[in-house]
Amino acid sequence: MFCKRASGSAIHYQKLHALPLIINCNCLLLCFLYLWAFFFAGSFFCLRLPKYSFDPPHWPNTGKFDKIAFSLSADHKLLGISVGSTAQQGIPVTLTIKVSNISGDVIASKTTQHIFRYGIPDYPVYFDQPILLTANQQYIAASLVEGANIPELARNYDGSAIRFCNPHLTVTFSDVPTEEMADSNGSTVQEGQIIFLYFKPP
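Attention here is on the structure that accompanies the text. All values reported here derive from a predicted model rather than from experimental measurement.

Procedures and definitions
Within every chain, residues take consecutive numbers counted from 1 along the sequence as written. Since the coordinates come from a predicted model, pLDDT governs what is reported: local features require at least 70, and pairs of side-chain atoms require 80 or more to be given and counted, while whole-chain, interface and lining totals use all residues. Hydrogen atoms and water are omitted, and side-chain values are computed over all heavy atoms in the structure. Only when DSSP finds a minimum of two bridges between them are two strands counted as paired. Numbering of helices and strands starts at the N terminus; helices are DSSP runs of H or I of at least 4 residues and strands are runs of E of at least 2. Axis definition: a line fitted to C-alpha atoms, limited for helices to the stretch in contact. Angles are taken between N-to-C directions and run from 0 to 180 degrees. In this scheme, a residue with accessible area under 20% of its type's maximum is buried, one over 50% is exposed, and one in between is partly exposed, where area comes from a 1.4 Å probe on protein chains only. A pair of aromatic rings is counted whenever rings of Phe, Tyr or Trp (Trp by its six-membered ring) have centres within 6.5 Å, and the orientation is called stacked for planes under 30 degrees apart, edge-to-face for over 60 and tilted otherwise. A ring has a charge above it when a Lys NZ or an Arg CZ is no more than 6 Å from the ring centre and no more than 35 degrees off the ring normal. We count a salt bridge whenever a side-chain nitrogen from Lys or Arg sits within 4 Å of a carboxyl oxygen from Asp or Glu.

1. Focus on the sheet that holds strand S3 (residues 44-47)
Point 1. The 4 strands are arranged S3-S16-S7-S10 in an open sheet whose pairing can be described as antiparallel. A single partner strand is all that each edge strand has here, and the edge strands are S3 and strand S10 (125-133). Shown here is a sheet whose adjacent strand axes are inclined to one another by a mean of 30°, direction ignored.

2. What to know about the pairing of strand S7 (residues 76-83)
Point 1. Summarising burial for S7: 7 of the 8 residues are buried, a large majority.
Point 2. Sheet topology note: the S7/S10 ladder contains 5 bridges and is antiparallel. Looking across to S10, one finds that isoleucine 81 is bridged to valine 125.

3. Quick notes on the packing of aromatic side chains
Point 1. By the definition in use, this model includes 5 aromatic pairs.
Point 2. Geometrically, the ring pair formed by phenylalanine 44 and phenylalanine 199 is tilted, given 6.2 Å between the ring centres and 35° between the ring planes. With a gap of 155 residues between them, phenylalanine 44 in strand S3 and phenylalanine 199 in strand S16 (residues 194-200) connect regions that are remote in the sequence. Summarising the burial analysis for this pair, phenylalanine 44 and phenylalanine 199 share the class buried.
Point 3. Arranged with centres 4.4 Å apart and planes meeting at 20°, the rings of phenylalanine 45 and tyrosine 198 form a pair that is stacked. Of this pair, phenylalanine 45 sits in strand S3 while tyrosine 198 sits in strand S16, placing them 153 residues apart in sequence.
Point 4. When its relative accessible area of 4% is taken as the criterion, phenylalanine 45 is described as buried.
Point 5. Residue tyrosine 198 is classed as buried on the basis of its relative accessible area of 5%.
Point 6. An aromatic cluster of at least three residues, connected via ring pairs, comprises Phe45, Tyr126, Phe196 and Tyr198.
Point 7. Lying across the ring of phenylalanine 173, arginine 48 places its NZ or CZ 5.9 Å from the centre.

4. What to know about the pattern of salt bridges
Think of it this way: side chains of opposite charge can pair up when their charged atoms draw near.
Point 1. Taken as a whole and assessed by the stated rule, the structure comprises 5 salt bridges.
Point 2. Aspartate 183 serves as the salt-bridge partner of lysine 67, at 4.0 Å between the closest nitrogen and oxygen. Linking lysine 67 in strand S6 (residues 66-72) with aspartate 183 in the loop between strand S15 (169-174) and S16, this pair joins segments that are 116 residues apart in sequence.
Point 3. For aspartate 183, a relative accessible area of 34% puts it in the partly exposed group.
Point 4. Between lysine 110 and aspartate 128 there is a salt bridge, and its shortest N-O distance comes to 3.2 Å. On the criterion of sequence distance, the pair formed by lysine 110 in strand S9 (residues 106-115) and aspartate 128 in strand S10 is long-range, its members being 18 residues apart.
Point 5. Overall, lysine 110 belongs to the partly exposed group, its relative accessible area being 23%.
Point 6. On the basis of relative accessible area, aspartate 128 is assigned to the exposed category, the value being 59%.
Point 7. A single salt-bridge network, built from bridges that share partners, covers Lys67, Glu180 and Asp183.

It is worth stressing that arrangement in space is one thing and function is another; only the former is reported here.
What follows is the structure, encoded as structure tokens:
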């Protein structure tokens, strides 16, 4: 499971076993949803960026997509993506998520109105339909936050190239190809805005 502990103003997540549960007295609803997803829906979160901070230095909101390439060790369905917050909370934004093949051809996308909340990881934005992804193929997950007067986003960091999501799935992250960088905000394996990928078995 994922435990959350506060260290200054940065928030850290530590993976314990395989049950996706965030322990915090202020997010009981989120805990319930994680438990329901794990036990009943068979779905689970794969953590990409375990730390985030609302203190400077912030992540600049360039108006370009945050992108990260990834591949799976086994076929799985991608249900949604959890995106890092705005630096200032409670601001209505337009949030877009999409997944593409490594050539940049869009497989699925979703745009929705959203308001980020302070201090806890955000609920994922779900695609309209689960997306079956094939093992050992590279894909690109992308997100875009748009809104008035949003120059900065919260900082999400301490990423790793390999994430063991559960006993049946390992996700390998990598920087996007050079040709995808023109429309990218500079996200890397170590830092960016895509915090969780939300999966279920095929």
